[in-house]
Amino acid sequence: NCHSSEIRCSCYQLRIHDSSQVKFGVWVRSGPIIENCKEMVFEGDYYSGDGSGVGKNMYWDVKDFNWLRTLRKSPNFVVVTASDEGGGLKEEGRVSGEEGVGVLQEEDEASEDEL
């Protein structure tokens, strides 16, 4: 239940409920889970370590429990990664209501992806 915040953490599992406009800098062993959330941002820059840590950072594998469409990305979060060029940030998704940000998977608007 966080709003307009920035959170940095390292954990095995990250479950977020009833939050909006929160930016996460995380290292997480399993994909973050969001429920009843919108305008969330996930970055994987919290912990880089010396490479001796067990497992891999799954910050990018966000699961939105309110989004049942499997063939389209949820509009409730965006995943941001460090760009290979210039050390800047590159957005890989779209935050709900934000204009001009690319979507990870381009889908035909007419496609049916629900049962």
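Here, the structure is the one placed above.
Source: prediction; values computed, not measured.

K.L.:
Explain the overall build of the protein residue by residue, including any values.
P.N.:
Along its length, the protein carries zero helices and eight strands. Here the protein holds 115 residues, and the buried ones make up 35% of them. Within the protein, contacts between residues at least 6 apart in sequence are counted, and of these 36% link residues at least 24 apart.

K.L.:
I'd like a rundown of unusual backbone geometry, residues and numbers included.
P.N.:
Phi at S4 is positive, roughly 50°, even though this residue is not glycine. Mapped onto the elements, S4 comes out in strand β1 (residues 3–11). Taking relative accessible area as the criterion, S4 reaches 54% and is therefore assigned exposed. Even without being glycine, E39 reaches a positive phi, approximately 55°. With respect to the element layout, E39 can be found in the loop between β4 (33–35) and β5 (40–43).

K.L.:
Could you give an account of the pairing of strand β3 (residues 20–28), naming the residues involved and the relevant values?
P.N.:
The buried fraction of β3 is high, at seven of nine residues. Judged from the eight bridges that link them, β1 and β3 form a sheet pairing that is parallel. For S5, the partnering residue across the bridge sits in β3 and is V22. As paired elements, β3 and β5 share three bridges and run parallel to each other. Within β5, the residue paired with F24 across the bridge is F42.

K.L.:
Break down the sheet that holds strand β2 (residues 15–17) for me, with residues and values.
P.N.:
Strand order in the open sheet made by the three strands is β2-β4-β6, with parallel pairing throughout. For this open sheet the edge positions go to β2 and β6 (63–64), each flanked by a neighbour on one side alone. Pairing between β4 and β6: two bridges, direction parallel. By the bridge assignment for β6, I34 is matched with D64.

Cut-off values and rules
- Residue positions within a chain follow its written sequence, with the count starting from 1.
- With the structure being a predicted model, the display of local features is reserved for residues of pLDDT at least 70 and the display and counting of side-chain atom pairs for 80 or more, all residues being used for whole-chain, interface and lining totals.
- Only hydrogens and water are set aside; all other atoms, that is, all heavy atoms of the structure, feed into the side-chain values.
- Strands here mean DSSP runs of E at least two residues long; helices mean DSSP runs of H or I at least four residues long; both are numbered from the N terminus.
- Accessible area is worked out with a 1.4 Å probe on protein chains only. A residue is then buried under 20% of its type maximum, exposed over 50%, and partly exposed in between.
- In what follows, residue pairs with any heavy atoms lying within 4.5 Å of each other are defined as contacts.
- Strand pairing is assigned whenever DSSP identifies at least 2 bridges connecting the two strands.

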